Amino acid sequence: MPSLDFDKEVHNFRGFYADNRHRFESAATLFVSLISSLTASVDGLEAPTVNARVKDLEECINNFPDYEFDGFDVDIFVHEINCWRLA
């Protein structure tokens with residue numbers, strides 16, 4: 001379970017991101033390849049342009065919720081973090 005220490009969570013996320021960046025990039029490449037392959041086999045369908053990107057570390061951190069915000073639902077954040085850890 002994440003703590004309410006923002007600096008600690010950012011530090012932990014930096015490690016997680018560094019350890020898994022290659023997986024994120026591979027998943028993006030696989031997704032583009034899969035969608036391109038699936039659409040290429042459909043007769044009469046113009047091949048779409050398929051793009052994917054992995055957010056950079058700072059962009060991800062900028063999307064973290066503000067722990068100081070009154071009324072913040074910590075359970076939602078815990079769920080989001082746990083979804084990432086399942087991978």
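Residues numbered from 1 in each chain as written. Predicted model: local features only at pLDDT ≥ 70, side-chain atom pairs only at ≥ 80, totals over all residues. Heavy atoms only, no water.

### A short note on the overall build of the protein
Here's step 1: A count of helical and extended segments in the protein gives three helices and zero strands.
Here's step 2: Evaluated residue by residue, the protein yields a buried proportion of 23% over its 87 residues.
Here's step 3: Long-range contacts, defined here as pairs at least 24 residues apart, represent 68% of the contacts in the protein between residues at least 6 apart.
Here's step 4: A total of about 6700 Å² of accessible surface is found on the protein, and carbon and sulfur atoms cover 56% of it. (Helix = DSSP H or I, 4+ residues; strand = E, 2+ residues; numbered from the N terminus. Buried < 20%, exposed > 50% of the residue type's maximum accessible area, 1.4 Å probe, protein only. Contact = heavy atoms within 4.5 Å. Areas by Shrake-Rupley, 256 points an atom, 1.4 Å probe, with all protein chains shown as cover.)

### Side note on the nonpolar core
Here's step 1: Core analysis: the largest hydrophobic core is formed by 10 residues, namely V10, F13, Y17, F24, A28, V54, L57, C60, I61 and F64.
Here's step 2: Taken together, the elements giving at least two residues each to this core come down to α1 (6–40) and α2 (57–62).
Here's step 3: Looking at which element gives the most residues to this core, the answer is α1, with five residues.
Here's step 4: Other than its neighbours up to four places away in sequence, C60 contacts F13, Y17 and K55. (Core = buried A, V, L, I, M, F, W, Y, C linked by side-chain atoms within 4.5 Å.)

### Let's talk about the pattern of salt bridges
Two side chains with opposite charge may pair up if their charged atoms get near one another.
Here's step 1: Enumeration over the complete set of coordinates arrives at three salt bridges.
Here's step 2: Across the salt bridge formed by E25 and R21, the nearest N and O atoms sit 2.6 Å from each other. In this pair, E25 and R21 are both assigned in helix α1, four residues apart and thus about one turn of the helix distant.
Here's step 3: Overall, the relative accessible area of 32% leaves E25 in the partly exposed class. (Salt bridge = Lys/Arg side-chain N within 4 Å of Asp/Glu carboxyl O.)

### Digging into the environment of E59
Here's step 1: Its location among the elements puts E59 in helix α2.
Here's step 2: Engagement of the side chain of E59 in a polar contact is seen with the side chain of R53, the distance being 2.9 Å. (Polar contact = N/O pair within 3.5 Å; in protein donor to acceptor, adjacent residues only side chain to side chain.)

### Thoughts on the packing of aromatic side chains
Here's step 1: For the structure shown, the criterion picks out four aromatic pairs.
Here's step 2: Between F13 and Y17, the ring centres sit 6.0 Å apart and the planes meet at 45 degrees, which makes this aromatic pair tilted. Taken together, the residues F13 and Y17, both in helix α1 and four residues apart, mark about one turn of the helix.
Here's step 3: According to the relative accessible area criterion, F13 is buried, its value standing at 12%.
Here's step 4: By relative accessible area, which is 6% here, Y17 ends up buried.
Here's step 5: Among the aromatic residues, those joined into a ring-pair cluster are F13, F16, Y17 and F24. (Phe/Tyr/Trp six-rings, centres within 6.5 Å; stacked < 30°, edge-to-face > 60°.)

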